[in-house]
Structure formats: structure tokens, C-alpha cells
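Summary of structural features
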Amino acid sequence: MPEPVLTPVLTIEHLTKKFGDLTVLSDLSLQVHEGEVIVILGASGCGKSTLLRCINALENIQSGEIRLNGEIISQDSKNLSRIRQQIGMVFQSYELFPHLSVLANILLAPMKVQKRSRASAEQEALSLLSRVGLAEKANSFPRQLSGGQKQRVAIVRALCMHPKILLFDEITAALDPEMVREVLDVILDLAEQGRTMLIVTHEMQFAQAVADRVIFLDDGNIKEQGTPEQFFNSPKTERAKKFLQTFTFKRKNIKISG
């Protein structure tokens with residue numbers, strides 16, 4: 001029997017994004033299926049973070065179309081608020097409210113946006129905090145947390161909204177090596193749970209461990225894509241080969257558990 005045709009969770013068709021006269025993304029197309037973990041690689045300025053921001057309609061696009069489960073994502077969409085609730089985004093800078101406790105940061109959106117009861121949202125938040133090793137930090141404030149702890153709180157906050165897809169934008173870039181390990185282990189756990197994720201990272205060892213597919217961006221478009229084994233062991237393009245040569249894996253002293 002023929003294999004069933006899978007409908008993608010996220011579809012990007014002919015996406016073009018400009019800042020003034022500068023074209024950052026050019027005629028980019030991509031499909032993401034449920035449970036797929038895609039790692040987006042490329043040199044600084046190639047459009048990786050901009051792509052994630054376009055997916056979440058944080059940036060206007062000049063042409064093309066982005067759909068989540070068939071619904072158009074656009075700053076002009078009447079249902080944008082509802083659609084955004086299905087997209088969890090975690091930033092490099094955590095974006096936690098400094099005047100709120102960890103628990104209050106997590107509960108804000110589920111209660112205010114989704115109108116969930118405090119009891120229900122709090123039960124889930126505490127369970128997730130426990131899973132990422134932060135149960136005892138529920139009543140702490142962001143200033144009392146390390147960078148790795150803040151980033152894990154930001155991930156829990158995104159998960160509490162029950163998103164269909166998770167976007168991670170260089171979430172370990174500002175962390176010390178020990179804190180990087182804390183965060184990457186959480187992402188690996190999410191991958192094992194079958195979460196659909198797009199991850200922008202410079203952590204090559206982590207990319208090899210977590211990705212189902214690696215996307216290599218250059219000059220605003222996808223220059224190469226494939227499994228981690230294909231991309232890291234047998235890159236097809238000279239640009240990808242040159243990019244990989246800039247990384248010395250021996251400097252990456254991050255032991256990935258699992």
C-alpha cells in the first residue's frame with residue numbers, strides 16, 4: 001500500500017522579506033511536518049532569526065505566504081492572536097517580566113489570553129517546572145536566576161500555551177557552557193516527546209544530536225538541506241563546506257546526555 005501523504009503543520013511558500021533595499025529572505029519555501037525537528041544553520045546575517053520572526057508575524061513580509069495548519073499567518077490576519085497562541089517562541093534574551101515571579105511569568109498568558117483557570121494553569125506550570133528541574137524556583141524572581149534557569153523558565157512559559165510548533169532563536173548564545181548544557185538537555189527531551197520545533201543555533205554538536213533535518217541558509221535562501229549525517233559528513237555545496245570549516249568541534253566541550 002502507498003504511504004499516506006502527510007499534511008505539513010507549517011508551510012512557507014516563496015517568502016521574501018526586505019528591510020528597505022536589503023533583501024534578507026528571497027523566494028524561500030519550506031514545509032515542516034508534525035513532530036519534525038528542524039535546525040536552521042548559517043552565517044550571521046543570513047536571515048535565520050528573521051525567518052523565525054516572519055513565521056510568528058513579528059515581521060511583515062513583502063511577498064509569499066506562511067500557513068500554520070492551513071491558516072495564513074500575517075500581521076493583517078483577523079485571527080492573528082489565536083494563531084500566535086499556537087506558536088511558541090523562545091528568544092535569546094529570555095523576555096521575562098522582571099517584576100513578576102517565575103510562576104506569575106508563566107501563568108500570565110494562559111490566564112489572560114486563553115482565559116484558563118488559575119488552578120488548571122498553575123498545576124500544569126508547576127509540573128513543567130518540575131520536569132525542567134526548577135520546581136523550587138516557582139516563587140523566585142528573574143534576577144535571582146542564572147541565565148540557564150531563565151531560559152528554562154522561558155521554555156516552560158511557551159509550553160504552557162500548548163503550541164503546535166516551537167521556535168527557538170539562539171537560546172544558548174548568551175549562556176556559559178555549563179548553562180548551555182542545562183538548556184540543551186531540555187530541548188532534547190522535547191524532541192523525544194515528538195514536539196515540532198524549528199531551532200536556530202550555532203551549537204553544531206547539539207544540531208547533530210537533535211535535528212531530523214538541517215536547513216542551511218545563505219544569501220536569504222535555503223542552499224542545502226538534509227539529515228544531520230548528510231549535512232555534516234557530506235555537504236553538497238562549497239558554501240556549506242566552507243561554513244562547516246569555520247567550526248572546531250573540539251572547542252565544543254558540551255556533553256549531550258541521552
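Residues numbered from 1 in each chain as written. Predicted model: local features only at pLDDT ≥ 70, side-chain atom pairs only at ≥ 80, totals over all residues. Heavy atoms only, no water.

Comments concerning the overall build of the protein chain
So the rule is basically this: The helix count covers DSSP runs of H or I at least four residues long, the strand count covers runs of E at least two residues long, and both are numbered beginning at the N terminus. Note that the radius of gyration is over C-alpha atoms, with the globule rule given as 2.2 Å times the number of residues to the power 0.38. Buried, partly exposed and exposed residues are distinguished by accessible area as a fraction of the type maximum, computed with a 1.4 Å probe on protein chains only: under 20%, between the cut-offs, and over 50%, respectively. Contacts are assigned to residue pairs with any non-hydrogen atoms lying within 4.5 Å of each other. Here the open area of atoms and residues is found with the Shrake-Rupley method and a 1.4 Å probe, where only the protein chains shown may cover a residue.
In terms of helices and strands, the protein chain carries nine helices and 10 strands. Against the compact-globule benchmark of 18 Å for 258 residues, the protein chain has a radius of gyration of 18 Å, which places it among compact chains. Projected onto its principal axes, the C-alpha positions of the protein chain cover 50 × 50 × 50 Å. Expressed as a percentage of its 258 residues, the buried residues of the protein chain come to 49%. Contacts in the protein chain between residues at least 24 apart in sequence constitute 65% of all its contacts with a sequence separation of at least 6. Taken as a whole, the protein chain presents about 12900 Å² of accessible surface, with 48% of it coming from carbon and sulfur.

Regarding helix H1 (residues 48-55)
Most of H1 sits inside the fold, with six of its eight residues counted as buried. For H1, the set of buried residues is Lys 48, Thr 50, Leu 51, Leu 52, Cys 54 and Ile 55. Two residues or fewer past H1, Ala 57 is found with a positive phi of approximately 60°.

Quick word on the confidence of the model for the protein chain
Put simply, the test is: Looking at any residue, its pLDDT shows the predictor's confidence there, from 0 to 100.
The predicted model of the protein chain has a mean per-residue pLDDT of 91, with 94% of residues at 70 or higher. For the stretch residues 249-258, pLDDT sits under 50, and the model shows 22 contacts to residues farther than four places along the chain or on other chains.

Quick notes on the pattern of salt bridges
What counts, and what does not: The salt bridge criterion pairs a side-chain nitrogen of Lys or Arg with a carboxyl oxygen of Asp or Glu, the two atoms within 4 Å.
Following the criterion strictly, the structure yields 12 salt bridges and no others. Lys 17 is the salt-bridge partner of Glu 59, the closest N and O atoms lying 3.6 Å from each other. Note that Glu 59 is positioned in the loop between H1 and strand S4 (63-68) and Lys 17 in strand S1 (residues 10-19), a separation of 42 residues in sequence. Residue Glu 59 shares its accessibility class with Lys 17, and that shared class is buried. Of the charged contacts in the structure, one is a salt bridge between Arg 131 and Asp 189, with a shortest N-O distance of 3.8 Å. Remark: Asp 189 occurs in helix H6 (residues 177-192) and Arg 131 occurs in helix H4 (residues 118-131); sequence separation between them is 58 residues. By relative accessible area, Asp 189 is classed as partly exposed at 32%. Each of the salt bridges in this network shares a partner with another, and the network as a whole consists of Lys 17, Arg 53 and Glu 59.

Section: helix H5 (residues 147-159)
Spelled out, the test is: Helices are assigned an expected span. That span is 1.5 Å times one less than the residue count.
With 13 residues, H5 should cover 18 Å at 1.5 Å per step; its first-to-last C-alpha distance of 19 Å lies within 8% of that length. For H5, the buried fraction is high: 12 of the 13 residues fall into the buried class. When H5 is considered as a whole, its buried residues turn out to be Gly 147, Gly 148, Gln 149, Gln 151, Arg 152, Val 153, Ala 154, Ile 155, Val 156, Arg 157, Ala 158 and Leu 159. Buried residues along H5 sit against strand S6 (87-90), helix H3 (102-112), H4, strand S7 (165-169) and H6.

As for the state of the cysteines
For clarity, the cut-off: For this text, the term disulfide refers to a pair of cysteine sulfurs within 2.5 Å.
One pass over the full model with this rule turns up zero disulfides. Just so you know, Cys 54 is unpaired, no disulfide at all, and the nearest cysteine sulfur is the one on Cys 46, 13 Å from it.

As for the nonpolar core
The condition that has to hold: Nonpolar cores were defined as sets of buried Ala, Val, Leu, Ile, Met, Phe, Trp, Tyr and Cys residues, with membership established by side-chain atoms within 4.5 Å.
Ranked by size, the top nonpolar core spans 51 residues in total, and within it Leu 41, Ile 155, Phe 168, Ile 187 and Ile 199 carry the most contacts. In terms of residue count, the dominant contributor to this core is H6 (seven residues). By size, the runner-up hydrophobic cluster in this structure holds 31 residues, among which are Val 32, Ile 73, Leu 80 and Leu 217.

Considering the pairing of strand S9 (residues 213-218)
Formally: Each pair of strands is called paired provided DSSP finds at least two bridges between the two strands.
Within S9, six of the six residues are buried, which leaves the element mostly enclosed by the surrounding structure. For strand S3 (residues 37-41) and S9, the ladder comprises four bridges, and the chain directions are parallel. The residue bridging Leu 41 from the neighbouring strand is Phe 216, located in S9. Two successive antiparallel strands, S9 and strand S10 (residues 221-226), enclose a turn made up of two residues, where Asp 219 displays a positive phi of approximately 55°.

Remarks on the packing of H5 against H6
Counted only if it meets this: Axes, fitted as lines to C-alpha atoms, cover a helix only where it is in contact. Angles between the N-to-C directions of the axes lie from 0 to 180 degrees. Note on terminology: angles under 35 degrees are roughly parallel, angles over 145 are roughly antiparallel, angles of 65 to 115 are roughly perpendicular, and the others are oblique. Here is the rule for handedness: rotate from the far helix to the near one, and if that takes an anticlockwise turn smaller than a right angle the crossing is left-handed, while a clockwise turn gives right-handed. Residue polarity is assigned by list, with Asp, Glu, Lys and Arg as charged and Ala, Val, Leu, Ile, Met, Phe, Trp, Tyr, Cys and Pro as nonpolar; anything else, Gly included, falls into the polar class.
Between H5 and H6, the shortest axis-to-axis distance is 7 Å and the interhelical angle comes to 20°. Between H5 and H6, the angle falls in the class roughly parallel. Seen from above, H5 lies across H6 with right-handed handedness. Only Met 179, Glu 182, Val 183, Val 186, Ile 187 and Leu 190 of H6 make contact with H5, whose side of the interface consists of Gly 147, Gly 148, Gln 149, Gln 151, Arg 152, Ile 155 and Leu 159. The residue makeup of the contact of H5 with H6, split by class, is seven nonpolar, four polar and two charged.

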